[in-house]
Amino acid sequence: MSVDGTVAAPAATPARPIKNELLAQRVRSARIFLVPMIVALLIVAGWPLLRSIYFSFTDASLTNLYDHEWVGFANYLNWRTLESGRTIFRGTLVDPGWWNAVWNTVRFAVISVSLEAVFGMIVALVLNAEFRGRGIVRAAILIPWAIPTIVSARMWGWMLNDQFGILNDLFLRLGLISEKIAWTANAETAMTAVLIVDIWKTTPFMALLILAGLQMIPKDIYEAADIDGVHPVKQFFRITLPLVRPALMVAIIFRILDAMRIFDLIYVLTPNSSATETMSIVSRENLIEFDNFAYGSAQSTLLFLIIAAMTILYIWLGRVRLDGGDR
Amino acid sequence: MANLELRNIRKSFGAVEVIRGVDLTVNSGEFMVFVGPSGCGKSTLLRLIAGLENITSGELLFDGEVVNGLTPSKRGIAMVFQSYALYPHMTVYDNMAFGMQLAKGTKEQIRERVLKAAQLLQIEPYLDRLPKQLSGGQRQRVAIGRAIVRDPKVFLFDEPLSNLDAALRVATRLEIAKLHHDMAKTTMIYVTHDQVEAMTLADRICVLRDGVIEQVGTPLELYENPQSLFVAGFIGSPKMNFLNGEFADAFRATTLGVRSEHIRITSDGRWSGEVVHTENLGSDSYIYVEIGSDEPLIVRQEGTSRHPVGERISVSPVESQIHRFDRDGRPMRV
Ligand SMILES: Nc1ncnc2c1ncn2[C@@H]1O[C@H](COP(=O)(O)OP(=O)(O)OP(=O)(O)O)[C@@H](O)[C@H]1O
Ligand SMILES: [Mg+2]
């Protein structure tokens with residue numbers, strides 16, 4: 001795999017004998033250190049992944065998992081020409097339910113990650129300032145991140161409840177809404193509800209990653225900027241932002257990859273709502289509930305491919321940037 | 001061009017008072033050096049002048065105007081930091097131009113000023129590089145260049161040479177001296193704990209100790225007429241010899257101070273003892289003589305020493321060059 005490739009590469013470069021020996025020894029020990037992780041990954045990730053991909057090319061169903069036939073790309077796309085001359089397309093790639101899920105996922109990922117980045121940056125800037133009790137505040141801000149998603153989803157489910165929810169009560173009293181809203185059940189507000197909870201939950205993580213980046217910036221260049229008469233807002237855009245960008249990018253990529261796979265929060269907070277159905281939700285539905293195991297596997301495989309493509313794109317972009325000598 | 005006046009300046013961090021009432025006038029165009037041991041408050045005092053720290057009490061005047069409340073950029077100062085404090089993501093050119101881009105100034109004017117400063121400091125070849133692609137000495141010159149571009153009335157340096165190696169330190173010291181000469185109208189304040197830097201650069205030196213001024217004067221004044229034991233010990237290298245007890249009693253003083261170059265080796269000297277150590281620097285050498293005082297007496301000799309360790313020699317101070325201090329560490333007039 002790719003791990004093997006990176007290790008083997010330096011060994012392949014011809015070098016003088018002595019250096020070569022040292023290099024070979026390093027490569028050997030690197031391999032030894034990598035073995036446990038690779039084995040673990042192969043067992044818990046590699047095998048299930050290969051199985052899913054395999055099933056996506058069959059007609060397996062949950063009730064009849066081992067009695068299946070190879071059907072090629074039929075689960076992805078197949079067509080039949082009727083006698084009338086009309087061609088009917090079938091498969092995930094022409095399934096409106098799937099494309100709805102793709103759109104939902106992308107929308108969710110883009111909106112949640114952008115807002116998390118903005119809020120995370122603000123929180124990180126506040127935490128980076130010096131004030132009394134900063135340590136406690138830093139710990140406290142992590143609480144939403146530490147709560148298991150199931151718990152926070154349930155908690156928010158109650159807070160967003162149409163009859164007893166505190167949010168409806170608050171908004172009514174403040175006069176922001178005129179009648180109680182079924183936040184999670186209503187197709188128009190379901191996505192908003194999911195976004196609110198996800199942003200609440202994940203902003204701390206984002207803030208912490210950005211904070212780590214902020215703390216790498218030496219204090220004295222801000223003093224130099226003060227002497228240069230640079231306005232604080234300008235200091236942020238011309239100094240802080242460029243310098244924290246690497247950390248910010250890592251955080252954003254992490255979160256995008258994470259958001260593309262979102263499942264637990266939506267499964268608990270807004271089950272069976274087509275307005276919030278994401279790729280993971282849809283494929284699970286097909287895998288388990290609709291007894292369409294092969295079809296669900298095809299969707300899982302597509303999700304995997306999308307995320308893999310994004311990761312590769314990121315690594316490639318990251319390499320380009322490093323060569324540019326940004327930091 | 002500005003003269004500075006510090007009136008009873010005090011600075012506390014929480015309950016700790018770090019600057020404890022400093023009165024000082026720095027004349028327009030003067031090169032003033034703050035020296036003192038580590039932690040005495042030199043940097044803090046400089047940062048108060050720069051406006052990077054708030055003054056707890058007292059008044060700071062630039063040309064007779066109180067500037068306590070002014071932001072650093074409004075004070076017309078420029079500062080060179082010990083750590084350079086260059087913007088790591090900007091090229092050398094941008095580092096120098098950044099402050100000006102914000103002030104009113106056309107692109108042409110900015111360019112002209114940056115190039116002029118770069119020429120002065122011989123950093124033109126590096127204008128397109130990032131700070132991390134420069135050596136320490138080059139970075140420090142960029143930092144100085146950035147300060148020059150600001151065309152400040154007051155130029156502040158906080159130990160600008162302490163991150164450089166010995167040879168580069170001497171070279172950059174010369175450059176700063178030249179800079180002072182070229183910018184004759186600019187007041188400069190320079191912090192260091194290296195007393196050689198202080199002696200060679202300063203028009204006047206201000207010796208600080210525990211947040212108060214110990215003495216202010218020209219390098220020679222401080223060298224020849226130290227107003228306290230502390231200054232006598234701090235200025236000059238090697239350190240002035242201090243003798244107590246009966247050595248000092250003979251001169252009717254509590255402490256007797258003699259610089260190493262004011263001691264002669266003679267056949268029937270006032271003190272005698274064994275040579276315990278010698279340092280040969282080529283042009284001159286230092287002989288450590290154990291005469292029974294608290295610390296070995298250091299004697300300077302021109303050329304290389306002809307007195308091996310273990311030899312007994314006798315020495316005498318040059319009577320006109322001795323320093324006598326009373327019980328409070330103050331100098332005694334004859
Ligand atoms: N921000 C701060 N908060 C609390 N105490 C401080 C702060 N800055 C400086 N001090 C204290 O003030 C005293 C003087 O510090 P300062 O940095 O001015 O010393 P210095 O003379 O520049 O020393 P050095 O030669 O080591 O640079 C020190 O005891 C230091 O601990
Ligand atoms: Mg200092």
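Residues numbered from 1 in each chain as written. Chains lettered and ligands numbered in written order. Predicted model: local features only at pLDDT ≥ 70, side-chain atom pairs only at ≥ 80, totals over all residues. Heavy atoms only, no water.

### Some remarks on the overall build of chain B
Stated precisely, the cut-off is as follows: Secondary structure follows DSSP: runs of H or I at least 4 residues long count as helices, runs of E at least 2 residues long count as strands, and numbering of each begins at the N terminus. Burial classes follow relative accessibility: with a 1.4 Å probe on protein chains only, a residue under 20% of its type's maximum area counts as buried, one over 50% as exposed, and anything between as partly exposed. By definition in these notes, contact holds between two residues if any of their heavy atoms fall within 4.5 Å. In this charge count, Lys and Arg are treated as positive and Asp and Glu as negative; neither His nor the chain ends contribute. Just so you know, the charge point we use is NZ for Lys, CZ for Arg, CG for Asp and CD for Glu.
Helices and strands together make up the secondary structure of chain B, namely nine helices and 18 strands. Over its C-alpha atoms, taken along the principal directions, chain B stretches across nearly 75 × 45 × 35 Å. Residue burial in chain B is summarised as follows: out of 334 residues, 51% are buried. In chain B, the share of contacts with a sequence separation of at least 24, taken over all contacts with a separation of at least 6, comes to 63%. Across chain B, the mean location of the 38 positive side-chain charges is 6 Å away from that of the 41 negative side-chain charges.

### Description of the site of ligand 1
Residue and element names in this part refer to chain B. The cut-off we apply is this: Residues are labelled near a given molecule or strand when at least one of their non-hydrogen atoms is within 4 Å of it. For this analysis, a polar contact is any N or O atom pair within 3.5 Å, provided that within protein one partner can donate a hydrogen and the other can accept it, and provided that sequence-adjacent residues contribute only side-chain to side-chain pairs. For accessible areas, the Shrake-Rupley method is used with a probe of radius 1.4 Å. Any residue's cover is judged against the shown protein chains and nothing else. Gly is placed with the polar residues, together with every amino acid not listed as nonpolar (Ala, Val, Leu, Ile, Met, Phe, Trp, Tyr, Cys and Pro) or charged (Asp, Glu, Lys and Arg).
Lining the immediate environment of ligand 1, one finds F13, V18, S38, G39, C40, G41, K42, S43, T44, E159 and H193. Within the side chain of S38, an N or O atom sits 2.4 Å from an oxygen atom of ligand 1. Between ligand 1 and G39 there is a distance of 2.8 Å, counted from an oxygen atom to a backbone nitrogen or oxygen. Relative to its free-state accessible area of 620 Å², ligand 1 is covered by the protein chains to the extent of 56%. At three residues, helix α1 (residues 42–50) tops the list of elements feeding residues into the shell around ligand 1. Among the residues making up the shell around ligand 1, the classes are represented as three nonpolar, six polar and two charged.

### Quick look at the domain arrangement of chain B
Residues and elements named next belong to chain B. To keep things clear, this is the line we draw: Where a domain begins and ends is set by an automatic assignment or by a domain database. As used here, buried area is the combined drop in accessible area, with a 1.4 Å probe, of two parts when they are placed together. The working definition used for a salt bridge is a side-chain nitrogen of Lys or Arg within 4 Å of a carboxyl oxygen of Asp or Glu.
Taken domain by domain, chain B holds domain 1 (4–229) and domain 2 (238–325). Taking the mean C-alpha position of each, domain 1 and domain 2 sit 38 Å from one another. On the domain 2 side, the residues contacting the six residues of domain 1 number seven residues. Its largest share of buried area at the contact with domain 2, domain 1 owes to Y223, P226 and L229, together 88% of the area lost on that side. For the interface between domain 1 and domain 2, the tally reads zero salt bridges. Along the contact surface separating domain 1 from domain 2 lie two residue pairs in polar contact (both at pLDDT 80 or more). When residues in the side of domain 1 that touches domain 2 are grouped by element, the largest group, three residues, is from helix α7 (residues 219–224).

### Section: helix α12 (residues 279–289) of chain A
Residues and elements named next belong to chain A. Counting buried positions along α12 yields nine of eleven residues, so the element is predominantly enclosed. Restricting attention to buried positions, one finds in α12 the residues M279, S280, I281, V282, S283, R284, E285, N286 and L287. Positive phi shows up at D291, right after α12, with a value of about 55°.

### Re the environment of A129 of chain A
All names here are of chain A. As for its position among the elements, A129 is in the loop between α3 (96–128) and α4 (134–141). Assessed through its relative accessible area of 37%, A129 is described here as partly exposed. On a C-alpha basis, the gap between A129 and A298 in space is 49 Å, while along the polypeptide they are 169 residues apart.

### Observations regarding the interface of chain B and chain A
Interface size is often expressed as the accessible area that is lost when the parts come together. At the junction of the two partners, chain B supplies 23 residues and chain A supplies 18 residues. Interface area, chain B with chain A, both sides summed: about 1,700 Å², of which 63% is carbon and sulfur. Connecting chain B to chain A are two salt bridges. Across the pair D228 of chain A and R150 of chain B runs a salt bridge, and its minimum N-O distance is 3.7 Å. Across the contact surface, chain B and chain A share six residue pairs in polar contact (both at pLDDT 80 or more). Among the secondary structure elements, those contributing two or more residues to the side of chain B that touches chain A are β6 (77–80) and α2 (92–102) of chain B. Here the side of chain B that touches chain A takes four residues from α2 of chain B, the largest share from any one element.

### Section: the packing of aromatic side chains
We count it as follows: Two rings from Phe, Tyr or Trp (for Trp, the six-membered ring) form a pair when their centres are within 6.5 Å of each other. A pair whose planes differ by under 30 degrees is stacked, one over 60 is edge-to-face, and the rest are tilted. Two thresholds decide whether a charge sits over a ring: the Lys NZ or Arg CZ must be within 6 Å of the ring centre and within 35 degrees of the ring normal.
Summed over all chains, the structure comprises 20 aromatic pairs over all chains. Their ring planes at 20° and their centres at 4.5 Å tell us that W145 of chain A and F205 of chain A sit as a pair that is stacked. One end of the pair, W145 of chain A, is in helix α5 (residues 143–146); the other, F205 of chain A, is in helix α8 (residues 187–215), with 60 residues separating them in the sequence. On the basis of relative accessible area, F205 of chain A is assigned to the buried category, the value being 18%. Taken together, a centroid distance of 6.3 Å and an interplanar angle of 80° make the contact between F242 of chain B and F325 of chain B edge-to-face. One end of the pair, F242 of chain B, is in strand β11 (residues 241–243); the other, F325 of chain B, is in strand β18 (residues 323–325), with 83 residues separating them in the sequence. Taking relative accessible area as the criterion, F242 of chain B reaches 23% and is therefore assigned partly exposed. Among the aromatic residues, those joined into a ring-pair cluster are Y54, F55, F57, W70, F73, Y76 and F293 of chain A. Over the ring of Y87 of chain B we find R146 of chain B; its NZ or CZ atom is 5.0 Å from the centre of that ring. Taking NZ or CZ as reference, R259 of chain B lies 3.9 Å from the ring centre of Y223 of chain B, over its face.

### Section: the nonpolar core
Selection rule: Definition of nonpolar core: a set of buried residues of the types Ala, Val, Leu, Ile, Met, Phe, Trp, Tyr and Cys, connected through side-chain atoms within 4.5 Å.
Core analysis: the biggest nonpolar cluster contains 92 residues, and I9, F34, L45, I49, L156 and I189 of chain B have the highest contact counts within it. A per-element tally of this core places helix α10 (residues 232–260) of chain A first, with eleven residues. Sequence-distant contacts of L45 of chain B, defined by excluding residues within four places in its chain, comprise L6, I9, I19, V22, F34 and L208 of chain B. Within the second largest apolar cluster, 47 residues are counted, among which are V80, L86, I148 and I176 of chain B.

### What to know about the side chain of R284 of chain A
All names here are of chain A. Structurally, R284 is set in helix α12. There is a polar contact of 2.2 Å between the side chain of R284 and the side chain of E289. What R284 contacts, discounting residues up to four positions off in sequence, is F263, Y267 and E289.

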